[in-house]
Amino acid sequence: MSFFKFDSEIEKMSETALKKVKPVFEKIDEITEYNQQKVLSSFRNNNVSESCLGETTGYGYGDKGRDALESTFAEAVGAESALVRHTLTCGTHTLTVALFGLLRPGDIMLSATGTPYDTILPTIGTAGEGGRGSLIDFGVKYKETALREDGSPDVDALIKALKKEKIKLVYIQRSRGYSLRPSLSVKKIDEIVRAVRENSDAVVMVDNCYGEFVEKEEPTDVGADIIAGSLIKNPGGGIAKNGGYIAGKKKLVELCSYRMTTPGLGAEVGASLGHTREMFMGLFNAPHVTGEALKTAAYTAALFEEMGFVSSPRFDEDRHDIIEAIKLKNSENLIAFCRGLQSGAPVDSFVVPEPWDMPGYDSKVIMAAGTFTLGSSIELSGDAPLREPFAVWMQGGLNFHSAKVAVNFAAEAVKIQNSK
Ligand SMILES: *Cc1c(COP(=O)(O)O)cnc(C)c1O
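Just so it is clear, the model here is predicted, and its values are computed rather than measured.

Cut-off values and rules
- Residues numbered from 1 in each chain as written.
- Predicted model: local features only at pLDDT ≥ 70, side-chain atom pairs only at ≥ 80, totals over all residues.
- Heavy atoms only, no water.
- Helix = DSSP H or I, 4+ residues; strand = E, 2+ residues; numbered from the N terminus.
- Rg over C-alpha atoms; globule rule 2.2 N^0.38 Å.
- Buried < 20%, exposed > 50% of the residue type's maximum accessible area, 1.4 Å probe, protein only.
- Areas by Shrake-Rupley, 256 points an atom, 1.4 Å probe, with all protein chains shown as cover.
- Lys, Arg positive; Asp, Glu negative; His and termini not counted.
- Charge placed at Lys NZ, Arg CZ, Asp CG, Glu CD.
- Polar contact = N/O pair within 3.5 Å; in protein donor to acceptor, adjacent residues only side chain to side chain.
- Contact = heavy atoms within 4.5 Å.
- Patch = residues over 30% accessible without salt bridge, like charges linked within 9 Å, V, L, I, M, F, W, Y side chains within 5 Å.
- Salt bridge = Lys/Arg side-chain N within 4 Å of Asp/Glu carboxyl O.
- Phe/Tyr/Trp six-rings, centres within 6.5 Å; stacked < 30°, edge-to-face > 60°.
- Lys NZ or Arg CZ within 6 Å of the ring centre and 35° of its normal.
- Pairing = 2+ DSSP bridges.
- Axes fitted to C-alpha atoms, helices over the stretch in contact; angles between N-to-C directions.
- Parallel < 35°, antiparallel > 145°, perpendicular 65-115°, else oblique.
- Left-handed = near helix turned anticlockwise from the far one by under 90°.
- Nonpolar A, V, L, I, M, F, W, Y, C, P; charged D, E, K, R; others polar.

Observations concerning the overall build of the protein chain
- In terms of regular secondary structure, the protein chain is built from 10 helices and 12 strands.
- Taken over the C-alpha trace, the protein chain has a radius of gyration of 21 Å; the compact-globule value for 420 residues is 22 Å, and the two agree within 12%.
- With the C-alpha coordinates of the protein chain rotated into their principal frame, the extents come out at 65 × 50 × 40 Å.
- In the protein chain, buried positions account for 56% of the 420 residues.
- Total accessible area on the protein chain is roughly 18,300 Å²; 54% of this is exposed by carbon and sulfur atoms.
- For the protein chain, the distance from the average site of its 47 positive side-chain charges to the average site of its 56 negative ones is 2 Å.

Have a look at this one:
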């Protein structure tokens, strides 16, 4: 079997890496099987039928498929109720709908995991673009407790803040995003939820992006009030063409629905326009595809550790999201990695990525993505700002067998770059 031939040293290191990740893969398979059965069970319990897969148009009143999708999704993530809509255009939009749905003028929002993901900052209004209708423009106050030195949330500081004044909403980001802080385990989120419950009646909201189906439990299983995320990441299974979800306590999801459409209409409207089948199929595949992405991450870590680079998480570390960061020491290696990875993509394999001045970044950024869905990051993709710590953030992989080829291309390109 040799459709692809790699440098013999890379082939050897790949074999070693595969041996090393074997027990890791077994653990991933165990979680995948659990979550796959959880999802199948949700489909059965909600009587998903062929007639749920059709489309509605116009207002979309009484859309049986949409309602079944939302109740199935809710059960799969341990929530009372959910909104799962293609009209939620991306993760940022979805989180924004939830925040505006839950917060009112004068309320205080407190981030317990330091500064949130970049794209949320204009929503909050701390990014310096006043007048656009951010939360701060509408009189919501924003505070945050900084992460500890080791990147973990400072629960003591959170408790102090909760005791000091009335906080309406505590915001938690599960994934590391594009930082090197560790991702949050559901166990850690559980600890934060308990601390909040003991010291206030604040709503706990979790940005669940990249975390879905990575563990056996979701934040909603351990008492988080509301979670939200994107369908072109884990829970869309690489099949949903776009969309987002909000899940959690029934009353809170309902409040979000009034922001998603109007205070008079809520979740009752929203034509599915034929997207329901793909969102169902995506949810059905999501645990398996998330497992493939996790295998790709663990293998990449192991291979690049063999090559002498530092990976985060390390190949056998516990994972709470699908992101892998590899520190590649310099810009040339980052460029080589992204070009190699791109050359192993199913779509646009012939494209050569170039570093560019991305708005909002203080350095050039290079990206690799050869995806069926534009911007999908459950499909194999990588981003690297060309500055300290010279790390590439890689995520996704619809199936390990082909993602492995792309990662080997990346490894080979880095090796060639280093022998120059
Ligand atoms: C991806 C992501 C978002 C935003 O999602 P978009 O779909 O890119 O708008 C928010 N938070 C985290 C942690 C993410 O990973």
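A few points about the side chain of Glu-324
- Within the secondary structure, Glu-324 sits in strand E9 (residues 324-327).
- The exposure class assigned to Glu-324 is buried, which follows from its relative accessible area of 0%.
- A polar atom in the side chain of Glu-324 sits 3.3 Å from the backbone nitrogen of Ser-312.
- Not counting residues up to four positions away in its chain, the partners in contact with Glu-324 are Ala-297, Ala-301, Ser-311, Ser-312, Pro-313, Arg-319, Val-392, Trp-393 and Met-394.

Some words on the environment of Met-109
- As for its position among the elements, Met-109 is in strand E2 (residues 108-111).
- Along the chain, Met-109 and Ser-41 lie 68 residues apart, while their C-alpha atoms are 36 Å from each other.
- Not counting chain neighbours up to four residues away, the residues in contact with Met-109 comprise Leu-99, Leu-103, Ile-124, Leu-135, Val-140, Lys-141, Tyr-142, Lys-143, Leu-169 and Tyr-171.

Regarding a nonpolar patch on the surface
- Among the surface-exposed residues, Tyr-59, Tyr-61 and Leu-265 lie close enough to one another that they form a single nonpolar patch of about 360 Å² accessible area.
- Along the chain, the position of Leu-265 falls in the loop between helix H7 (250-260) and helix H8 (276-306).
- The class for Leu-265 is partly exposed, based on a relative accessible area of 33%.

Description of unusual backbone geometry
- The peptide bond linking Ser-312 to Pro-313 adopts the cis configuration, its omega dihedral lying at 0 degrees.
- For Pro-313, the location among the structural elements is in the loop between strand E8 (310-312) and E9.
- In this chain, Glu-388 is followed by Pro-389 through a cis amide linkage whose omega measures 0 degrees.
- Relative to the helices and strands, Pro-389 resides in the loop between strand E11 (381-385) and strand E12 (391-395).
- Although it is not a glycine, Asn-47 sits at a positive phi angle of roughly 50 degrees.
- Examined against the element boundaries, Asn-47 turns out to sit in the loop between helix H1 (8-45) and helix H2 (64-76).
- Not every positive phi belongs to a glycine, and Phe-390 is a case in point at roughly 50 degrees.

Some words on the packing of aromatic side chains
- The final tally for this structure, using the stated rule, is 13 aromatic pairs.
- An aromatic cluster is built from Phe-4, Phe-6 and Phe-409, whose rings are joined through pairwise contacts.
- Positioned above the aromatic ring of Tyr-34, the side-chain terminus of Lys-216 is 5.3 Å from the ring centre.
- Of note, Lys-233 hangs over the ring of Tyr-210, and the distance from its end group to the ring centre comes to 4.1 Å.

Focus on the pairing of strand E1 (residues 81-85)
- Here E1 lies mainly inside the structure; five of its five residues are buried.
- Every second residue of E1 is oriented toward a common face, with Ser-81, Leu-83 and Arg-85 on one face and Ala-82 and Val-84 on the other, all of them buried.
- With five bridges joining them, E1 and strand E7 (residues 244-248) adopt antiparallel strand pairing. Across the sheet, residue Leu-83 finds its bridge partner in E7, namely Ile-246.

Remarks on the packing of H8 against helix H10 (residues 400-418)
- Closest axis-to-axis distance for the H8/H10 pair is 10 Å, and the angle between their directions is 25 degrees. For the element pair H8 / H10, the angle class is roughly parallel. Seen along the crossing, H8 lies across H10 with a hand that is right-handed. For the pair H8 and H10, contact is made by Glu-292, Lys-295, Thr-296, Tyr-299, Thr-300, Leu-303 and Phe-304 and by Phe-400, Ala-403, Lys-404, Val-407, Asn-408, Ala-410, Ala-411 and Val-414, respectively.
- Residues of the contact of H8 with H10, tallied by class, amount to nine nonpolar, three polar and three charged.

Function cannot be read off these values alone, since they describe shape.
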